[in-house]
Amino acid sequence: MPKRFQVQGGHPVAGTIRPAGNKNAALPILAATLMADGPVILDNVPRIGDVESMVALLTHLGATATWTGANRLEVDARPATDRGLDPELCARIRASILFAAPMLARFGRVQLPPPGGDVIGRRRIDTHVLALEGLGASVMVGPSYEIEGRRLRGADIFLDEPSVTGTENALMAAVAAKGTTVLRNAAMEPHVQDLARFLVAMGASIEGIGSNQYRIEGGASLHGGRFEIGPDHIEIASLIGLAAVTNGAITIDPVRPEDLRNILMGFERLGVRPRLSDNRLVVDKNQERRIRPDLGGHIPKLEDGPWPAFPADVMSIALVTATQCEGILLVFEKMFESRLFFVDKLIGMGARIVLCDPHRAVIAGPSRLRGGIVESPDIRAGMAILLAACAAEGTSVIHNIGQIERGYEQIHSRLRGLGALIERFDE
């Protein structure tokens, strides 16, 4: 049989867990090492499938990448050559598109095969193209994206949407472009901020980190150095959901409190209220788990949006959590038109959910979940299904777990350390 998890549900989790490094920060930072003229040491790098794919792309170009510790990666991109990206590797991961700006900065051109990634709806790359063209690059779209820009120049750019990866490519290209770039309507997510901090640590001049407007003085060369990736706020949210659905008690240490405000506000609406204690987050047992109605007793709505709104990547986790909370909730997934299609698997496990359309679902809880044989469709939905299996009565088997392991480091063994009954089986 293929790789799978077998989960015996109905057991509350308990204990302390360290969150992995932010996956979505590690990926652009790995791409950006191509711009450094010396070795880069990265700490708190998650050992997950997506990171390994990015490392494979770097080494395919000729860079060296060595794990010198459990989560420490040393990259020396100086030997890299302009040999083109491997189409097969690019098809594994959407983040391959993040090599566009670093390769443009390093070699003056890049031929980018179509990126892969989760099938959660259309994910346009227009923002990337428009930003690079605004900085002086030329882009030809065909079976692959052929981009040239040997003399990038600073510009005043308004992104047509606050795309995370679009902002990251624009930031990296602006660092290489000569002159001043003002980047407006930029994404503000914690992982975008970490990329900007990494570039500054390597010698870039960037103002406005944490806002939706960056000012970059570009053209200076970047040096090597050392950088620590921040904790993954999406994994932290997943762990909050795990504690809530199993009625467990866990401590998550360390966290960055400023990354969690919108997440904690969303969970508070479900009657789940973790406590911040310095850089630790404590989820106590016996949470209220009662969905708070809007004023006047109206059915509340939980919706996502670009940062600082509730993160799209937490919607699947919040939806599963809501199945174990008393009350009715409307979930409005505005970012991706296929992300909610996994709810049929939860319905099969006993959840009371009405999928209104590709973007909206109504959840009535609490419902008694029962174990089942299910499949992980993408990273976040897969983790949500794993949470449901931990809360369900009986045994669940989850297939296609490679999707989960693309984004969550050694999740089965780490959750076992909290008391969850999970076994992993290889092919």
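Shown above is the structure to which this text applies.
Conventions adopted
- Residues numbered from 1 in each chain as written.
- Predicted model: local features only at pLDDT ≥ 70, side-chain atom pairs only at ≥ 80, totals over all residues.
- Heavy atoms only, no water.
- Axes fitted to C-alpha atoms, helices over the stretch in contact; angles between N-to-C directions.
- Helix = DSSP H or I, 4+ residues; strand = E, 2+ residues; numbered from the N terminus.
- Parallel < 35°, antiparallel > 145°, perpendicular 65-115°, else oblique.
- Left-handed = near helix turned anticlockwise from the far one by under 90°.
- Contact = heavy atoms within 4.5 Å.
- Pairing = 2+ DSSP bridges.
- Salt bridge = Lys/Arg side-chain N within 4 Å of Asp/Glu carboxyl O.
- Buried < 20%, exposed > 50% of the residue type's maximum accessible area, 1.4 Å probe, protein only.
- Core = buried A, V, L, I, M, F, W, Y, C linked by side-chain atoms within 4.5 Å.

1. Overview of the packing of helix 4 (residues 100–107) against helix 6 (residues 164–176)
Packed helix pairs are characterised by how far apart their axes lie and by the angle those axes make with each other.
Okay, so step 1: At a minimum axis distance of 8 Å, the contact between helix 4 and helix 6 shows a crossing angle of 15 degrees. On the basis of their axis angle, the class for helix 4 and helix 6 is roughly parallel. Our pair here, helix 4 against helix 6, has a crossing hand that is right-handed. For the pair helix 4 and helix 6, contact is made by A100, A101, P102 and A105 and by N169, M172, A173 and A176, respectively.

2. A closer look at the sheet that holds strand 14 (residues 249–252)
Okay, so step 1: Pairing is mixed across the open sheet formed by four strands, whose spatial order is 2-14-16-15. Unpaired on one side and paired on the other, strand 2 (14–17) and strand 15 (275–277) mark the two borders of the sheet. The average angle at which neighbouring strand axes cross in this sheet is 15 degrees, direction not considered.
Okay, so step 2: As paired elements, strand 14 and strand 16 (residues 280–283) share three bridges and run antiparallel to each other. When the bridges of strand 16 are listed, T251 appears paired with V282.
Okay, so step 3: The strands that helix 8 (residues 233–245) touches are strand 2, strand 14 and strand 16; relative to strand 14, the one it contacts most, it runs at about 165 degrees.

3. Thoughts on the pattern of salt bridges
Okay, so step 1: Going through the model one piece at a time under the given rule, you end up with 28 salt bridges.
Okay, so step 2: A salt bridge links D194 to R256; the shortest N-O distance between them is 3.2 Å. Remark: R256 occurs in the loop between strand 14 and helix 9 (261–269) and D194 occurs in helix 7 (residues 190–201); sequence separation between them is 62 residues.
Okay, so step 3: The residue R273 makes a salt bridge to E288 at a minimum N-O spacing of 2.8 Å. Of this pair, R273 sits in the loop between helix 9 and strand 15 while E288 sits in the loop between strand 16 and strand 17 (301–303), and the two are 15 residues apart along the sequence.
Okay, so step 4: For R273, a relative accessible area of 35% puts it in the partly exposed group.
Okay, so step 5: Since its relative accessible area comes to 44%, E288 is described here as partly exposed.
Okay, so step 6: Look at the salt bridges and you will find they share partners, linking E268, R273, E288, R290, R292 and E326 into a network.

4. Here we look at the sheet that holds strand 7 (residues 138–141)
The strands that make up a sheet pair up through hydrogen bonds in the backbone, lying either parallel or antiparallel.
Okay, so step 1: In spatial order, the strands read 6-8-7; together these three strands make up an open sheet with antiparallel pairing. Each edge of the open sheet is held by one strand with a lone partner, namely strand 6 (109–112) and strand 7. Pairwise comparison of adjacent strand axes, ignoring direction, gives a mean angle of 10 degrees for this sheet.
Okay, so step 2: As paired elements, strand 6 and strand 8 (residues 145–148) share four bridges and run antiparallel to each other. Looking at the pairing, V110 lines up with I147 of strand 8.

5. Side note on the pairing of strand 19 (residues 353–357)
Okay, so step 1: With four bridges connecting them, strand 19 and strand 20 (residues 360–365) associate as antiparallel partners. Note that in strand 20 the partner of V354 across the bridge is V362.
Okay, so step 2: In sequence, strand 19 turns back onto strand 20 through a hairpin of two residues.

6. As for the nonpolar core
Okay, so step 1: Grouped together as the largest cluster of nonpolar side chains are 76 residues, with contacts concentrated most on F99 and L199.
Okay, so step 2: Residues within four places of L199 in sequence aside, it is in contact with A32, M172, V175, A204, I206 and L222.
Okay, so step 3: Counting 69 residues, the second largest nonpolar core, distinct from the first, contains V13, L239, L340 and A392.

7. Considering the side chain of T165
Okay, so step 1: The topology assignment puts T165 in helix 6.
Okay, so step 2: Taking the relative accessible area as the measure of exposure, T165 reaches 18% and is therefore buried.
Okay, so step 3: Discounting residues that sit within four places of it in the chain, T165 has contacts with R94, L98 and H128.

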